[in-house]
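Descriptive structure summary
The chain contents come next:
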Amino acid sequence: MSQAEVKAEVERAAGAPTRRPSPLWTLALFRSELGTTFRRWRTIALLGVLAAIPVLTGIAVKIETSDGGSFGEGHGGDGQGPAFFSQITNNGIFLVFASLAATLPVFLPMAIGVIAGDSIAGEAGSGTLRYLLVAPAGRTRLLLAKFTTVIAFCLVATGVVAAAGLATGALLFPLGDVTLISGTTVSFTDGLLRTLAVAGVVACSLIGIATVGLFISTLTNSGIAAMAATVGLLITVQILDTIPQLHAIQPYLFPHYWLSFADVLRDPVYWDQLIKNFELQALYVAVFGSAAWARFTAKDITA
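Residues numbered from 1 in each chain as written. Predicted model: local features only at pLDDT ≥ 70, side-chain atom pairs only at ≥ 80, totals over all residues. Heavy atoms only, no water.

1. Some details on the nonpolar core
Stated formally: Grouping buried Ala, Val, Leu, Ile, Met, Phe, Trp, Tyr and Cys residues that are joined through side-chain atoms within 4.5 Å yields what is termed a nonpolar core. Only protein chains enter the accessibility calculation, which uses a 1.4 Å probe; a residue is then buried when its area is under 20% of its type maximum, exposed when over 50%, and partly exposed in between. Secondary structure is summarised from DSSP: a helix means a run of H or I of at least four residues, a strand means a run of E of at least two, and numbering begins at the N terminus for each. Between two residues, a contact is recorded if the distance between any of their heavy atoms is within 4.5 Å.
In terms of nonpolar packing, the biggest core is built from 55 residues, with Phe84, Ile88, Phe97, Leu108, Ile112, Val198 and Leu206 touching the most fellow members. Sorting elements by how many residues they give to this core places helix 8 (residues 139-172) first, with seven residues. Excluding its chain neighbours within four sequence positions, the residues that come into contact with Leu108 are Leu50, Leu100, Thr103, Ala157, Thr158, Val161, Val202 and Leu206. Membership of the second largest hydrophobic core comes to nine residues, among which are Leu29, Phe215, Ala292 and Phe296.

Listed below in structure tokens is the structure:
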């Protein structure tokens, strides 16, 4: 929220008697945060980069397979490649799954980390946080509005990747019945529903890093420092999740079950890893959400 918008909110509230904020005011606060976040050029640029990845991937696969070969053969590979990538030329819907698999380890969580890390610290750094708290919002409501906005960005960012992948796949490759990982063939409609479910699982998988980023954002008044710390933590945890000697702690790292979305593409769906993923993300929300609330409600706001 810009400083001018915050001052306007304060001025409107200044003449009114002090009272408990209504649910409609809280909803207006969320709408304001949502609009401010998605109007920023940084947010638009992040979504643009995410949308470009499926497009570039689809073009690369189309060029490489233009001579009738399989994806990966042109570079001395065995022609098999990642499971999703090898299926793109047969059915364009697999470009959605390939794009999500390609962006999930780095690009999607980094975008989430930037938005979450800047949520509170960015307001403090620009000098608007104190104005926001003068308005009858309350720290808990403001933090909840910030958290909900970050979750909305998780959904939108994942949806942008999935939509760009589906559109590019439909333009460059044939569409039809979908052969699942388990070998079962389902209708294209069923495949679309599973695609929607996959996107939902991916968005839910990002809630853990979103909550961690929000907590880090309450620790500093520098938006850049919060974003850098969140992205740095993401990279560190990703590295730790690949070290075999740390297998005992890896099931507790937030990215450990990220690729479990592939289990949606089985018949029947394998729920074991999916449920563990949801439980792990809920644990991070409970722990770091509580920590963010405790820190923010007790924080001395000087900016």
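2. So, the pattern of salt bridges
Counted only if it meets this: Whenever Lys or Arg places a side-chain nitrogen within 4 Å of a carboxyl oxygen from Asp or Glu, that contact is recorded as a salt bridge.
Evaluation of the coordinates by the stated rule reveals six salt bridges. For Asp118, the salt bridge goes to Arg42, with nearest N and O atoms at 2.6 Å. One end of the pair, Asp118, is in helix 6 (residues 107-126); the other, Arg42, is in helix 3 (residues 41-64), with 76 residues separating them in the sequence. Accessibility expressed as a relative area gives 10% for Asp118, which makes it buried. Among the residues examined, Arg42 registers a relative accessible area of 30% and is labelled partly exposed.

3. Quick word on unusual backbone geometry
When glycine is set aside, most residues are seen to have a negative phi, and most peptide bonds are trans. Omega for the bond connecting Asp267 with Pro268 falls within 30 degrees of zero, at 0 degrees, which places this linkage in the cis form. As for its position among the elements, Pro268 is in the loop between helix 11 (223-240) and helix 12 (272-298).

4. Side note on a nonpolar patch on the surface
Under the convention used in this document: Residues qualify for a patch when their relative accessible area is over 30% and they have no salt bridge, like charges being joined within 9 Å and the nonpolar side chains of Val, Leu, Ile, Met, Phe, Trp and Tyr within 5 Å. The accessible surface values rely on the Shrake-Rupley method and a 1.4 Å probe; as for residues, cover is taken only from the protein chains in view.
On the surface, a cluster of nonpolar side chains totalling about 360 Å² of accessible area is made up of Val55, Leu56, Ile59 and Ile63. Position of Ile63 among the secondary structure elements: in helix 3.

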